[in-house]
Each structure stands twice: as C-alpha cells, then as structure tokens.
Amino acid sequence: MKAWAPARLFALALLCAGAGLAHAGDADANSPGSLRAKYGALQNRLSHNPFQRPLTLDSSETPGGVTGDIHALINYPFATVGAALNSPRNWCDILILHLNTKYCRASAVDGEAVLNVSIGKKYDQPLDKAYRVVFAYRVAAQTPNYLQVRLNADEGPLSTRNYRIVLEAVPLENGQTFIHLSYSYAYGFAGRIAMQAYLGTIGRAKVGFTVSGTQPDGQPLHIGGMRGVVERNTMRYYLAIEAYLGALSEPPQAQLEKRLHDWFAAIEGYPRQLHEMEQAAYLDMKRKEYRRQQAPRLALVD
C-alpha cells in the first residue's frame, strides 16, 4: 500500500458531509432574525466578489477541526427552497452529484431519518471499497419564514468525528431566498497525521478560494491546507444545491441529466480549485451510481 493511501481515505471522508453546513455552536443561536441581519451585513461582499454570483465563502481552522461557511442569495422563492431541502431523499439526490459520493440512501432507524452515505474515489468503485458514514437527519426548524436542516455524524474514519451539516434559509421581499450552508468536522491525532500526509503528496498543489497574499508574478495566492480542503468541498456542495433547485422545473425524467450537466458546468467555472475530471467520464460514472442508488436496497449500506 502506498504511504499516502490512509491520507487519501481520510481526505475522501471529509467530502461526505455534503451541502448545508454551519458552525455547530453558531447554528444553535441562529434564527430568522440573525440570518436576515447577516444578509444585511454581507451586502457589499455579495455584490463584489470573485465568484461571479452573489455568494460569500469563509473558512476557519482550530487545532482540532475545520469549518467552511457559504452565505448566498439564490433566485428561487422560499417556498420552492423549503419544499426541496426538507426531504432526506432529496438530499441524497444532491449529495450524489459530488465526485466522491458513491451512494446515498435515506432510511429510518427507530423512527428517525438517517442518510447512509458511501464515500470513495473519483472513478467507478464497488461499495465494499468505499467508506460508509451514517448521518442523522433532522429538520430543526420549519416555518413560513425560516428553514433549518441538520445532518450529524458522530464518527468518521481515522479518528474524525462530529461531522455537522446545517442549512438555513429565509425568504426575502424580492421573492429570492438567502441561505447559509456550513460544514464542520473534528479530527484527532491520527486524522491530523493522515491529512498532513495527503497535503504533502497528492494534495500538495490543491488550493481553496480565500486569497492569502500575492505571488511574485502579481497573481493571487490562494490558501491551501485544511482550509483549502473545506472550502473546495463546501463550494462543491453549494453548487449541488443550486443544480438540484435548477432542475426542478424540468419533467421528472429529465431532472437527473440537467442536474449532472449543470453541476459539472458550475464547478468548471472554478478550474483552479475544482477541476478533477472530464465531463464525459463524470457523466458516465454518475449515471451508473445513480442507477445503483435507485436500485433495491443493498445490505451493505442499509
């Protein structure tokens, strides 16, 4: 086994959280009022940013964990967003768009909804070679003016733990919706060592979106390391939410293809951070994985 194989496994595990994450502590204090206040405070950044869309992306790192946050203005009414993002099955259709999500099945355990997610490599892979993470799914708040969805997984591979995914949304007077998507997880000694190995080998050239300085040639210097990892994946899952919402206007039989094409086109808008494979390979892989996801339940993951 290559020396960085455990690091690759650890890096893949960090991708599983999907869209809609938030600081675990901050989410407890959030409310329609605080999210609307955040919208007001971010007006300048939403209008002037490098993303070519009304979006902000922030990240933070502590000695034991990392967090990514996206705030964004989306051009869909709150009723549409709320109906789409309060269903565990719909979240599986969002998560499967990511390169490394091999499978997602919504089910119930003791009357509570869970998402059984398999994370693997960016090519066709048997599920017994992927890593399984089980997320508890909960709609924490749902009113005519506020939605909060939480996905929590207490354990992951290589001493990773406390995966927290939180999505919040509020309606705006212009018919649009403002959302907060945040992703956080913690890791112990083994996880830190594995990730350092990954960042020193196959992840060495990968960067995030935050500009930390200027290179000698005058080009922006983007952040790397753990913050780069979390920024890339927070953006991937945000774009998956957009792709899912954008396909709802299509007939049901056409929605998958639109989601796949739109998600791939969106990530290719940020090739420095997000390009990993060509479109034909992505589409072929995801069509197969979606068929597997829709097949009768598999004992491996349920």
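Every chain's residues receive numbers from 1 upward, in the order its sequence appears when written. The predicted origin of the model limits local features to residues at a pLDDT of at least 70 and limits the giving and counting of side-chain atom pairs to 80 or more, whereas totals for whole chains, interfaces and linings rest on all residues. The basis for every side-chain value is the complete set of non-hydrogen atoms in the structure, without hydrogens or water.

1. A closer look at the packing of helix α8 (residues 225–247) against helix α9 (residues 252–267)
Note the cut-off: An axis is simply a line fitted to the C-alpha atoms; with a helix, the fit covers only the stretch in contact. Between two such axes, the angle follows the N-to-C directions and lies from 0 to 180 degrees. Labels follow the DSSP assignment, with helices taken as runs of H or I lasting at least four residues and strands as runs of E lasting at least two, numbered in each case from the N terminus. Crossing handedness is defined as follows: a turn of the near helix away from the far one that is anticlockwise and smaller than a right angle gives a left-handed crossing, while the clockwise case is right-handed. Whether two residues are in contact is decided by their heavy atoms: any pair within 4.5 Å suffices. Residue classes follow a fixed rule: Ala, Val, Leu, Ile, Met, Phe, Trp, Tyr, Cys and Pro count as nonpolar, while Asp, Glu, Lys and Arg count as charged, and any other residue, Gly among them, counts as polar.
Direction vectors running N to C along α8 and α9 enclose 140°, while the axes themselves pass 8 Å from each other. As for how α8 packs across α9, the hand of that crossing is right-handed. Listed contacts from α9 to Arg236, Leu239, Ala240, Ala243, Tyr244, Gly246 and Ala247 of α8 are Gln255, Lys258, Arg259, Asp262, Trp263, Ala266 and Ile267. Taken together, the residues of the contact of α8 with α9 break down into 8 nonpolar, 2 polar and 4 charged.

2. Regarding the packing of aromatic side chains
Note the threshold: Each Phe, Tyr or Trp ring (for Trp, its six-membered ring) is paired with any other whose centre lies within 6.5 Å, and the angle between the two planes then decides the class: stacked below 30 degrees, edge-to-face above 60, tilted in between.
This model, assessed by the stated rule, comprises 8 aromatic pairs. Summarising the aromatic geometry, the rings of Tyr39 and Phe178 are spaced 5.0 Å apart at their centres and angled 55° between planes, so their arrangement reads as tilted. One end of the pair, Tyr39, is in helix α3 (residues 32–41); the other, Phe178, is in strand β8 (residues 177–187), with 139 residues separating them in the sequence. A connected cluster of aromatic rings, assembled from ring pairs, spans Phe51, Phe209 and Tyr270.

3. Some points on the nonpolar core
Operational definition: We call a set of buried Ala, Val, Leu, Ile, Met, Phe, Trp, Tyr and Cys residues a nonpolar core when their side-chain atoms join them within 4.5 Å. Partly exposed describes any residue whose relative accessible area lies between the buried limit of under 20% and the exposed limit of over 50%, with all areas from a 1.4 Å probe on protein chains only and scaled to the type maximum.
Ranked by internal contacts, the top residues of the largest apolar core, which has 64 residues, are Trp91, Tyr238 and Tyr282. Top contributing element to this core by residue count: α8, with 12 residues. If you look at the next biggest cluster of nonpolar residues, it comprises 8 residues, including Leu35, Leu73, Tyr146 and Val170.

4. A short note on the confidence of the model for the chain
Note the cut-off: Confidence scores here are pLDDT values: one per residue, from the predictor, ranging 0 to 100.
Confidence in the prediction of the chain, expressed as mean pLDDT, is 85, and 82% of residues score 70 or more. In this model residues 15–28 is a low-confidence stretch, pLDDT under 50, and it forms 64 contacts with partners more than four residues away in sequence or in other chains.

5. Things to note about the state of the cysteines
So the rule is basically this: Only a pair of cysteine sulfur atoms within 2.5 Å counts as a disulfide in this structure description.
Across all of its chains, the model carries 1 disulfide by this definition. Through a disulfide, Cys92 is tied to Cys104; the S-S separation comes to 2.1 Å. Disulfide Cys92-Cys104: the torsion about the S-S bond is -60°, which places it as left-handed. In this pair, Cys92 is assigned in helix α6 (residues 88–95) and Cys104 in strand β3 (residues 101–109), connecting sequence segments 12 residues apart. Just as Cys92 is buried, Cys104 falls in that class too.

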